[in-house]
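Here is what each chain is made of, one letter per residue.
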Number of protein chains: 2
Amino acid sequence: MNLALLFDEDFVAQNRVVLRGRRLEHIKSILRVSTGDQLPVGRVNGQMGLGKVIKLTDSETELVVVLDQQPPTPLPLTLILAMPRPKMLRRILQTSATLGIKDIWLINSYKVEKSFWQTPWLSDENLRENLTLGLEQAKDTAMPRVHIRKLFKPFVEDELPALLKGKQALVAHPGTSAPCPTHLNSPTALCIGPEGGFTPYEVVKLEEAGCQSVHLGPRILRVETAVPVLVSRLFDACL
Amino acid sequence: MNLALLFDEDFVAQNRVVLRGRRLEHIKSILRVSTGDQLPVGRVNGQMGLGKVIKLTDSETELVVVLDQQPPTPLPLTLILAMPRPKMLRRILQTSATLGIKDIWLINSYKVEKSFWQTPWLSDENLRENLTLGLEQAKDTAMPRVHIRKLFKPFVEDELPALLKGKQALVAHPGTSAPCPTHLNSPTALCIGPEGGFTPYEVVKLEEAGCQSVHLGPRILRVETAVPVLVSRLFDACL
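Thresholds, definitions, all that
- Residues numbered from 1 in each chain as written.
- Chains lettered and ligands numbered in written order.
- Predicted model: local features only at pLDDT ≥ 70, side-chain atom pairs only at ≥ 80, totals over all residues.
- Heavy atoms only, no water.
- 1 Å grid on protein atoms, 1.4 Å probe; cavity = no way out; pocket = protein on both sides within 12 Å on 5 of 7 lines; lining within 4 Å.
- Points joined across faces, edges and corners; volume = space filled by probe spheres on them.
- Helix = DSSP H or I, 4+ residues; strand = E, 2+ residues; numbered from the N terminus.
- Nonpolar A, V, L, I, M, F, W, Y, C, P; charged D, E, K, R; others polar.
- Disulfide = S-S within 2.5 Å.
- Buried < 20%, exposed > 50% of the residue type's maximum accessible area, 1.4 Å probe, protein only.
- Domains from an automatic or database assignment.
- Contact = heavy atoms within 4.5 Å.
- Buried area = accessible area lost by both parts, 1.4 Å probe.
- Pairing = 2+ DSSP bridges.
- Axes fitted to C-alpha atoms, helices over the stretch in contact; angles between N-to-C directions.

In this structure the tally under the stated criterion is 2 cavities of 30 Å³ or more. In this structure, the largest cavity occupies an estimated 110 Å³ of space. Around the largest cavity sit Arg 91, Thr 95, Arg 222, Glu 224, Thr 225 and Pro 228 of chain A together with Arg 91, Thr 95, Arg 222, Glu 224, Thr 225 and Pro 228 of chain B, which together line it. Secondary structure elements with two or more residues in the lining of the largest cavity: helix 2 (86-99) and helix 6 (223-234) of chain A together with helix 2 (86-99) and helix 6 (223-234) of chain B. Along the lines of polarity and charge, the residues of the lining of the largest cavity split into 2 nonpolar, 4 polar and 6 charged. Here the second largest cavity is characterised by a volume of approximately 40 Å³. If you trace the second largest cavity, you find it lined by Thr 182, His 183, Ser 232 and Arg 233 of chain A together with Thr 182, His 183, Ser 232 and Arg 233 of chain B. Elements with a contribution of two residues or more to the lining of the second largest cavity: helix 6 of chain A together with helix 6 of chain B. For the lining of the second largest cavity, the class distribution of residues is no nonpolar, 6 polar and 2 charged.

This is the structure in structure tokens:
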């Protein structure tokens, strides 16, 4: 936690917050702060700054906060992911938030196991928790939006074309001839398939919607590796 | 497992292997192959090709293998990592192997907790298993070498200068003024600190040994994210 992300419900006054639970534990046992110490804080979807500890007990800590800095620039990226295996989903959500991705679509695909959609990690509370961990790692405050689409065909036919308007659209597809472009630094939509990849039918549907197939070289990367590799290629901003 | 990595002990004849345990389970329950089917295989530190299943029982499978393809080009990268938290070490080893990194140094740093060095994941057997998982993911056969150095000063003073000869040497150091270069595609050594970063003293010692400090932008990345992000920046080969 390189920054404590503050939510509306944490504020007891305009410039004062009370923290409990995970953030309190982290502040006490990892950051080991004492009363009077300052630590980086940020208000969700707002500014960042410093919080000065004015009270620290076993059950809560109270901070006076000064929020006067802008968060880092968001990536102009719409990430469209075939629903990952639940144990990977958490890390992918955290990593995506850390990298500055603000728009995440979890979609179905032939090789997505139906059971994946049953995971508790898709609840609003758990999504927010994992995205928060990613933002706190990066020192960012802008909460990503996650959209869940459990049917592939209606999504690609009815929603995707509008979603891709004004963006360069790519689908990471091993074995295709075009390498992934670099330094786009412009609005981009990136589709990444499940373990085993999108089916040929799905790739055709994505291409019909406006996506260009690009490959990642001879190595087959796990989705959780492909996301930072692709983001790092497409956007200078992330470095 | 996009490729079954074969070790000397798997070979019962020049072109025949018998597999048990994890690889057998994966072949049966995930790949669901039958006798007569073929699957991608590769010999550790050797060539890749196809293995044809000629026998499949509950306890073992026998394959006739034809190895006639070169593995992907290794990255010209020496990765020097402050010893990560054990639960992160496994993923970092797997990811590094998947990305094509062949030379990994795990070193001490002030912010590395002593307990990290006690993890069973540092045993030769466990290192090989996690690197194997990374190679099988990527479809590669060249086993990375892992070097363990539990003392920082002797490493940077006595070993590092020679290790850096003929390489561009970088240390990822948040807050420094120089951004990470891109598209080096030449022999490179990259140092990445622990959670919380190298200490100023450690950075000075690394710079004295020949490393240039570079930053990764405003976002603070976990080591497991920084590795693919940096590799993707430094080497076109990985895409």
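So, next bit.
Residue and element names in this part refer to chain B. Throughout the structure, instances matching the rule amount to 0 disulfides over all chains. Distance from the sulfur of Cys 191, which forms no disulfide, to the nearest cysteine sulfur (Cys 211) is 3.8 Å. With a relative accessible area of 0%, Cys 191 lands in the buried category.

Moving on to the domain arrangement of chain A. Residue and element names in this part refer to chain A. Considered domain by domain, chain A is made up of domain 1 (4-69) and domain 2 (77-238). On a C-alpha basis, the centres of domain 1 and domain 2 stand 32 Å from each other. Each side of the interface is counted separately: domain 1 has 14 residues, and domain 2 has 11 residues. Between domain 1 and domain 2, a total of about 920 Å² is buried, with carbon and sulfur atoms accounting for 56% of that surface.

Turning our eyes to something else, we now look at the sheet that holds strand 11 (residues 188-192) of chain B. All names here are of chain B. Taken in spatial order, the 6 strands of this open sheet run 9-8-7-11-10-12, and their pairing is parallel. The open sheet is flanked by strand 9 (145-149) and strand 12 (212-214), the only strands paired with a single partner. For this sheet, the mean inter-axis angle between neighbouring strands, taken without regard to orientation, is 20 degrees. Pairing analysis gives 5 bridges linking strand 10 (residues 168-172) to strand 11, with the strands arranged parallel. Looking at strand 11, one finds that Ala 169 is bridged to Ala 189. Of the strands in this sheet, strand 7 (77-82), strand 8 (103-107), strand 9, strand 10 and strand 11 are in contact with helix 4 (residues 152-164), which crosses strand 8 at around 160 degrees.

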